[in-house]
Amino acid sequence: MATLIIIGAGASGLAAASRLVEKGFDPAKITILEAENRIGGRILTVPHGSSLIELGAQWVHGHEGNVVHPLAAAAGEIRTDIHTLESTGYADDVEMAYRDGRKITPVQLNEFKKILQSIYDDSRKELAQWDKSLGEYFEFKYGEHLNRGSFTTMNRSTALDLLDWAHRSQNIEDGSDNWNDTSGVGSLEYHECAGDYTTVWKRGYSVLFDILMKNIPKSSNGLKLALSDRIQLNSPVHLIRWNSGQVQVVCSDNIYYADMVLVTCSLGVLKYRADKLFTPLLPEKKRRAIEGLGFGTVDKIFLDFHKPWWTSEWGGVNFLTDPSKATGDWDDKVMGFSTVRGQPNLLIGWISGPAARKCEACSEDEVLRKCSALLRDAVGSNFAYEEPKRIIRTTWYSNPHFCGSYSYRSNKSRDLDVWASDLAEPVVDANGSVRLLFSGEATHDHCYSNVHAAVETGWREADRILKLIKDTQLTAKLYSEARPNSYHHWKTPVLAKYFNRRIFFS
């Protein structure tokens, strides 16, 4: 049987491995190399107090067409008793305020949300004919509303400050540095799954890995897949030699050999390391796909207090930036701070793009001081504010095993005419044998940036591997049966189709 190395023990890598083993692939023929000291990739559930927090993926986005939802539901791990927008900044109990404490009134906020929603609704119909960026579309449509007098409860400068907040929010949703980097027509590739978009897990997103590896008694009677001992932690890959028979995968303390390698690392890692990681270089189209597809940074900042100083009716505050008072530093771009379910002493904030990367380079003391000042000034005299005791933050960009958070459809991908299918295309060696396969959220045509895209593409590549093996075995069988005869006999039209067809791109 063929041997396989999977690079990455995140959602995509473990989904692929579990699918293969479930369908009869010998787990002893699989080696999973994970650079971190844990499995999970960009899913990172950590205990905090009597509950937990998600430092990575947080929500199951919808249920129709979302392959993760039925897995979690069957295991009894979906929270069906709550449907909430908490932590997103869009909940009704989250207010809008400037750093000096000036508040947006509920009437003003309602007007802004209605106008923004109308632009979103129009975009589904109009972006297909829009040849500019997503940001330019929103700014154009918003300008139309400003010019026709749609805003009746606020002046123009306040409306523009709210647009700036919407820009920051959209960047967090997309993962882009700037919505002017996001392709307008390319964004239509993304398909939302119907159903509640903020479904959460009972015991955290990391339970997904127990489900995939059949380690949940409710769903499989504890019949674990034999995969745990196939995972090599603390094994970052330094080099992949792929065009001379078996693939060689070089780590610090070992060299691994396999017939095929499934690459599931983030697009961020490929952007920074592909040309040094693969020898020979990847095909030109693959390299252009890696260059063109977008990959951004989105970080979370948790403020941890000794006790809540806010009331149960308060869900948080979003920060508006007055251009005349902007500092020009990363703290201008913090979206706001909201309450966290199950964590009465925590507030969560979001930051993305260049500001997030700059924030990651700052000390925790500086981040704590600046975020606390933002929050203190915004809530003003409404509460008896108390200083947080510490922060808990993510640093997805600074971690060389991720180099960011998730992918998006950029203007560059449109200009280079490269898409997820190009990133997903297998790579064959000089003899026409598939050596490299690719999965992960960035390789999904329309659910990119999500966990269910990572899982689905892991299954996709597992099925591809199984078909490759089946086709190769069929070819070998036909060759073996024909071999006693002359070369001219087995090179007949009947058999030639098995030798000449491009089975590796099925």
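Preceding this paragraph is the structure being described.
Remember, predicted model here, so these are calculated numbers, not experimental data.

S.K.: Where do I start with the sheet that holds strand β8 (residues 247-251) in this structure?
M.R.: Within a sheet, each strand pairs with its neighbour through backbone hydrogen bonds, oriented either parallel or antiparallel. Spatially, four strands are ordered β9-β8-β7-β11 in an open sheet, and the strand pairing comes out mixed. Looking at which strands have only one partner, the edges of the open sheet turn out to be β9 (255-258) and β11 (278-279). As defined by bridge partners, β8 adjoins β9 across four bridges and the pair is classed as antiparallel. Across the sheet, residue Val-247 finds its bridge partner in β9, namely Ala-258. Against the sheet, helix α8 (residues 267-277) contacts β7 (237-241) and β11, and its axis sits at roughly 50° relative to β7.

S.K.: What's the story with the packing of aromatic side chains in this structure? I'm lost.
M.R.: One pair of aromatic rings is described through two measures. These are the centre distance and the angle between the planes. A full pass over the atoms with the stated rule returns 19 aromatic pairs. Pairing Trp-310 with Trp-314 gives two aromatic rings, centres 6.1 Å apart and planes at 45°, and the pair type is tilted. Under the relative-accessibility criterion, Trp-310 is labelled buried at 12%. Between Trp-396 and Phe-402 the ring centres are 5.0 Å apart and the planes differ by 85°, which places this aromatic pair in the edge-to-face class. Judged by relative accessible area, Trp-396 falls into the buried class, the value being 9%.

S.K.: Just checking my understanding: could you explain helix α11 (residues 364-379) for this structure?
M.R.: Residue pairs spaced three or four apart in an α-helix point in one direction, given the helix's 3.6 residues per turn. The terminal C-alpha atoms of α11 lie 22 Å apart, and with 16 residues this matches the ideal 22 Å at 1.5 Å per residue to within 8%. Inspection of α11 places Val-367, Leu-368, Lys-370, Cys-371, Ser-372, Leu-374, Leu-375, Ala-378 and Val-379 among the buried residues, and these make up the whole buried set. Phi turns positive one or two residues past the end of α11, at Gly-380, with a value near 60°.

S.K.: When you look at the nonpolar core in this model, what are you seeing that I'm missing?
M.R.: General note: in soluble globular proteins, nonpolar side chains tend to be found buried as a group. Core analysis: the largest hydrophobic core is formed by 46 residues, its most contacted members being Trp-201, Tyr-205, Leu-208, Met-260, Val-451 and Val-455. Of all the elements in the fold, those that place two or more residues in this core are β1 (4-7), α1 (11-22), β2 (30-33), α2 (68-74), α6 (207-212), β10 (260-263), β20 (434-438) and α14 (451-482). Per-element tally for this core: the top contributor is α14, with eight residues. With residues near it in sequence (within four places) discarded, Trp-201 still touches Val-60, Val-68, Ala-72, Glu-77, Arg-79, Val-207, Leu-208 and Ile-211. By size, the runner-up hydrophobic cluster in this structure holds 42 residues, among which are Met-96, Tyr-98, Phe-402 and Tyr-406.

S.K.: I keep staring at the pairing of strand β4 (residues 51-54) and nothing clicks. Help me out?
M.R.: Across a regular strand the side chains alternate sides, sitting on one face of the sheet and then on the other. Direction of pairing for strand β3 (residues 45-48) relative to β4: antiparallel, over a ladder of four bridges. Residue pairing across strands places Pro-47 opposite Leu-52, the latter belonging to β4. Between β3 and β4, which pair antiparallel and follow one another directly, the connecting turn spans two residues, one of which, Gly-49, has a positive phi of 60°.

Thresholds applied
Along each chain, residues carry numbers from 1 onward, in the same order as the chain's sequence is written. Residues qualify for local features only when their pLDDT is at least 70, as the model is predicted, and side-chain atom pairs are given and counted only at 80 or more; totals for whole chains, interfaces and linings, by contrast, use all residues. No hydrogens and no water enter the side-chain calculation; it runs on all heavy atoms of the structure. Only when DSSP finds a minimum of two bridges between them are two strands counted as paired. Only runs of H or I of at least four residues qualify as helices and only runs of E of at least two qualify as strands under DSSP, and these elements are numbered from the N terminus. Here a residue-residue contact requires only that any non-hydrogen atoms of the pair lie within 4.5 Å. Angles here are taken between N-to-C directions and fall from 0 to 180 degrees, while the axes themselves are lines fitted to C-alpha atoms, restricted in helices to the stretch in contact. Here a pair means two rings of Phe, Tyr or Trp (six-membered ring of Trp) with centres within 6.5 Å. Their orientation is stacked below 30 degrees between planes, edge-to-face above 60, and tilted elsewhere. Relative accessibility under 20% of the residue-type maximum defines a buried residue, over 50% an exposed one, and the middle range a partly exposed one, all with a 1.4 Å probe and only protein chains included. Multiplying 1.5 Å by the residue count of a helix minus one yields the expected span of that helix. By nonpolar core is meant a set of buried Ala, Val, Leu, Ile, Met, Phe, Trp, Tyr and Cys residues that side-chain atoms within 4.5 Å join together.

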